[in-house]
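Descriptive structure summary
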There are 2 protein chains.
Amino acid sequence: MNKDILKLYLVTDRPLSLGRDIEQIVREAVEGGVTIVQLREKECSTGEFVALARRLKALLAPLGVPLIINDRVDVALAADADGVHIGQSDMPYKDARRLLGYDKIIGLSVENFEDLERANAMDVDYIGISPVYGTPTKSDTAEPFGLEGLHKAVAMSAHPTVAIGGMNAQTIGEVIAAGADGVAVVSAICSAPSPREATKELWNVIKNNE
Amino acid sequence: MNKDILKLYLVTDRPLSLGRDIEQIVREAVEGGVTIVQLREKECSTGEFVALARRLKALLAPLGVPLIINDRVDVALAADADGVHIGQSDMPYKDARRLLGYDKIIGLSVENFEDLERANAMDVDYIGISPVYGTPTKSDTAEPFGLEGLHKAVAMSAHPTVAIGGMNAQTIGEVIAAGADGVAVVSAICSAPSPREATKELWNVIKNNE
């Protein structure tokens, strides 16, 4: 996996999309410059999840933008997505890899340095450093790494790194400057009045801090 | 698949287990005579779901009792369960079959006669006729088939049939007499003071009505 695809990583969130269509937000975000999309659905039925994943795959594949599915290996397999992102309480990594094979991308969230050391011993494709900052997006997250913790985590990681948690136009400059390979954005795109313009602004901040 | 395994079908339900351990309820139910177990988890993390499925598989496989996973093809694959049970809003049947192959059991819930006719055109292993009676277990279910509807559904079905919804010691006699190959029980076992004794009582009713 080319780690450049991690640069500006959109994570979808239905409640934070303010009633707007997920597919439309993804379309605008890609036009604005996101390099990879993670479909995250916590409430909908498996049938809806698979159907939406298929529509996003049809939208993203021709553009060369990978589609990652949060947690659900079955949905990723059914929709032939490019991979999954798993957290510490999701399916164990080795099971996910066995089911998906090595042609698929698997990212793993690490919530502390112990998680990170364990991830270093796995052949995951990237890690999500989660959360870097406190965030209203998720209420169940661990103690934030903070910028200093992020520096340390990036230095320690054997894998490409994506920073998540509190990523917006004000924060991503220092995060990219700290050496993260990418930033994972949720509300700064999903809740923006114009997801396209918000993404362009984020992309400019990244370019100015590389 | 030998349809005799469908005879007394336990569907687990965490809230209806009244705080008791799912594994313990399943163990007692198997001692009492259930012939197949469906693990249904709606709230827990994928990691917990996989871990519990593995423990149940280790418990059930030596006893020759199949383990079916509700909805989650990924959990079934990770734990090498014997199959999945899917509803009308879960993964489409053809995707589930493609991912699981023909060595695994796939059951499909039908909520009306149109669903049943569509199921007749599929190579599912059994259908769940759902619900036969109104039930407090699920609030999102369709209009009940009733006993007359069950008779008709059993006659129409190209596949073995399991009746679900309101199955207890008072109702399963007439359901078995109506020709259903099995009854799927939730609260009558999961909420029973003694799941073992409750299962034995259900088993006796089945034997007296075959």
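Calculation rules
Residues numbered from 1 in each chain as written. Chains lettered and ligands numbered in written order. Predicted model: local features only at pLDDT ≥ 70, side-chain atom pairs only at ≥ 80, totals over all residues. Heavy atoms only, no water. Least-squares fit on C-alpha atoms with pLDDT ≥ 70 in both. Contact = heavy atoms within 4.5 Å. Buried area = accessible area lost by both parts, 1.4 Å probe. Salt bridge = Lys/Arg side-chain N within 4 Å of Asp/Glu carboxyl O. Polar contact = N/O pair within 3.5 Å; in protein donor to acceptor, adjacent residues only side chain to side chain. Helix = DSSP H or I, 4+ residues; strand = E, 2+ residues; numbered from the N terminus. Nonpolar A, V, L, I, M, F, W, Y, C, P; charged D, E, K, R; others polar. pLDDT = per-residue confidence, 0-100. Expected span 1.5 Å × (residues − 1). Buried < 20%, exposed > 50% of the residue type's maximum accessible area, 1.4 Å probe, protein only. Arc of directions from axis to C-beta. Pairing = 2+ DSSP bridges. Axes fitted to C-alpha atoms, helices over the stretch in contact; angles between N-to-C directions.

Here the focus is the relation of the copies chain A and chain B. The two chain copies are related to each other by a rotation about an axis together with a translation along it. Its rotation angle being 180°, the transformation that places chain A on chain B also includes 0.0 Å of axial translation and leaves an RMSD of 0.0 Å. Between the two chains, the operation in question is that of a two-fold axis. Within chain A, Asp74 of chain A has its C-alpha nearest the rotation axis, a separation of 2.3 Å. Same-surface contact between copies: 100% of interface residues of chain A are shared with the interface of chain B.

In this section: the interface of chain A and chain B. Opposite the 19 residues of chain A that make contact, chain B presents 19 residues. Taking both sides of the interface into account, the surface hidden between chain A and chain B amounts to around 1400 Å²; carbon and sulfur atoms contribute 56%. Taken as a group, Thr46, Asp74 and Met91 of chain A account for 29% of the area that chain A buries against chain B, more than any other trio of residues on that side. Applying the counting rule to chain A against chain B returns 4 salt bridges. Residues Arg54 of chain B and Asp95 of chain A are paired through a salt bridge, measuring 2.8 Å at the closest nitrogen-oxygen approach. Joining chain A to chain B, the criterion identifies 14 residue pairs in polar contact (both at pLDDT 80 or more). Of all the secondary structure elements, the ones that give two or more residues to the side of chain A that touches chain B are helix H2 (46-60), helix H3 (73-79) and helix H4 (93-100) of chain A. The residue inventory of the side of chain A that touches chain B, partitioned by class, reads 7 nonpolar, 4 polar and 8 charged.

A separate point is the confidence of the model for chain A. For chain A, per-residue confidence averages 96 on the pLDDT scale, and 97% of positions sit at 70 or higher. Reported confidence for the predicted complex is 0.94 by ipTM and 0.95 by pTM.

Residue and element names in this part refer to chain A. Over its 15 residues, helix H9 (residues 195-209) runs 21 Å from end to end, which matches the ideal 21 Å to within 8%, given 1.5 Å per residue. Taken residue by residue, H9 has Pro195, Ala198, Thr199, Leu202, Val205 and Ile206 as its buried positions. Each buried residue of H9 lies within a common arc of 120° when the element is viewed along its axis, so the set occupies one face. On its buried side, H9 packs onto strand E1 (8-11), helix H1 (22-32), helix H7 (172-177), strand E8 (182-185) and helix H8 (187-190).

Through backbone hydrogen bonds, the strands of a sheet pair up, either in parallel or in antiparallel fashion. Residues and elements named next belong to chain A. As summarised here, the arrangement of the 8 strands in space is E1-E2-E3-E4-E5-E6-E7-E8, forming a closed barrel in which the pairing is parallel. Pairwise comparison of adjacent strand axes, ignoring direction, gives a mean angle of 25° for this sheet. The sheet contacts of H4 involve strand E4 (83-86) and strand E5 (105-110), and relative to E5 the element is tilted by about 170°.

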